[in-house]
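Coordinates in review
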Amino acid sequence: MRSRLTRRNEKQTKKQLYMSVGGIIATLFILYQLGPIVLTGTGAFLDSLFGKNKTQINYLSNAPYQTPIIDPIPTATPSSELVISGKTIYSEGIVEIYVNDDLVKETDVLETNDFQTIIILTTETNTIKARYVNGEKTSGFTDEYQVAYVKDAPTLEITFPSDNATLSKGDQQITITGKATPDSSLTVNGRIAIVASDGTFSHTLNLSEGENKITVEASNTAGKKTEKTITVSYRP
């Protein structure tokens, strides 16, 4: 049989074990609740002691500015004047506008963080970008925007049939053919016709008895249009 002393030692051992487990649980709970605060305070103390905060502030002050945001720009325009507008996160400084890698305009940033200016396009193809400038520091460039300056309306020629032509019963269904400026959008009597890469087009049309007016319209990306109308008579 176990002695009374042995049983007493076992009770003391169990009591110490329970107290140790309870202490560990309490310590873990305190660290969970107060650990982030303690670590933050310790880090701040060490930073101030070794001057790390000062280094970080200097680094941030030397960081590049944020790139401005340009409002949507049309891909083509019939006017040489183009409005460039947008927004920055700053209430001072300037925004530089570049066209084909050349600086063409500087505009002030307003207190509302907005900017707006007008640039003059001189070439048919234009690559536009911008950046923010304050003193000797700049942001990176914005994305590049491609804008076509389209001065003229598209060319348009109807090669068949000729105006005032008279067709017989075997020609009730005809194919309108012609040529327009490549990349034009084209309709025949309001219906879309396909323009080939060389500018040629064809479109099948059913004629009604008597006079038939055929209207062909070509438009370009800048919105300029050219329209031609011919009259064809059908005699069954």
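Residues numbered from 1 in each chain as written. Predicted model: local features only at pLDDT ≥ 70, side-chain atom pairs only at ≥ 80, totals over all residues. Heavy atoms only, no water.

1. Side note on the side chain of Thr117
Considering the arrangement of structural elements, one finds Thr117 in strand S6 (residues 114–120). Excluding anything up to four places from it in sequence, Thr117 contacts Leu82, Val83, Ile84, Ile97, Lys105 and Thr107. (Helix = DSSP H or I, 4+ residues; strand = E, 2+ residues; numbered from the N terminus. Contact = heavy atoms within 4.5 Å.)

2. Considerations on the pairing of strand S3 (residues 81–87)
Direction of pairing for strand S1 (residues 69–70) relative to S3: antiparallel, over a ladder of two bridges. Residue pairing for S3: Ile70 is matched across the bridge by Gly86. Relative to S6, S3 is paired through seven bridges, and the arrangement is antiparallel. Bridge pairing in S6 places Leu82 opposite Ile119. (Pairing = 2+ DSSP bridges.)

3. Side note on a nonpolar patch on the surface
A grouping of Val83, Ile118 and Ile120 is seen on the molecular surface, where their side chains present a nonpolar patch of about 260 Å² in accessible area. When you line up the elements, Val83 lands in strand S3. Overall, Val83 belongs to the partly exposed group, its relative accessible area being 45%. (Patch = residues over 30% accessible without salt bridge, like charges linked within 9 Å, V, L, I, M, F, W, Y side chains within 5 Å. Areas by Shrake-Rupley, 256 points an atom, 1.4 Å probe, with all protein chains shown as cover. Salt bridge = Lys/Arg side-chain N within 4 Å of Asp/Glu carboxyl O. Buried < 20%, exposed > 50% of the residue type's maximum accessible area, 1.4 Å probe, protein only.)

4. Observations concerning the sheet that holds strand S15 (residues 200–206)
Taken in spatial order, the three strands make up an open sheet running S10-S12-S15, and their pairing is antiparallel. Here the strands that pair on one side only, and so sit at the sheet edges, are strand S10 (156–160) and S15. Averaged over all neighbouring strand pairs, the angle between strand axes comes to 30 degrees, with direction disregarded. Inspection of the sheet shows strand S12 (residues 173–180) paired to S15 by seven bridges, in the antiparallel sense. Its bridge partner being in S15, Ile176 is matched across the sheet by His203. (Axes fitted to C-alpha atoms, helices over the stretch in contact; angles between N-to-C directions.)

5. Focus on the side chain of Thr88
Note that Thr88 resides in the loop between S3 and strand S4 (94–99). Residue Thr88 is classed as buried on the basis of its relative accessible area, which comes to 6%. A distance of 2.9 Å separates a polar atom in the side chain of Thr88 from the backbone oxygen of Tyr90. Setting aside residues no more than four positions away along its own chain, Thr88 makes contact with Pro68, Val95, Val109, Asn113, Phe115 and Tyr132. (Polar contact = N/O pair within 3.5 Å; in protein donor to acceptor, adjacent residues only side chain to side chain.)

6. What to know about the confidence of the model for the protein
Of the residues in the protein, 75% reach a pLDDT of 70 or more, and the chain-wide mean stands at 84. Under a pLDDT of 50 for its full length, residues 36–40 has, in the predicted model, one contact with residues more than four places off or in other chains. Below pLDDT 50 for its whole length, residues 49–63 participates in four contacts with residues either more than four positions away or in separate chains. (pLDDT = per-residue confidence, 0-100.)

7. Let's talk about the sheet that holds strand S11 (residues 165–167)
One open sheet accounts for five strands, arranged S11-S17-S16-S13-S14; its pairing is mixed. Both outer strands of the open sheet, S11 and strand S14 (191–193), are each paired with one neighbouring strand and no more. Mean inter-strand twist for the sheet, computed between neighbouring axes without regard to direction, equals 30 degrees. In this structure, strand S13 (residues 185–188) lies alongside S14, joined through three bridges in antiparallel fashion. Of the residues in S14, the one forming a bridge with Val188 is Arg191.

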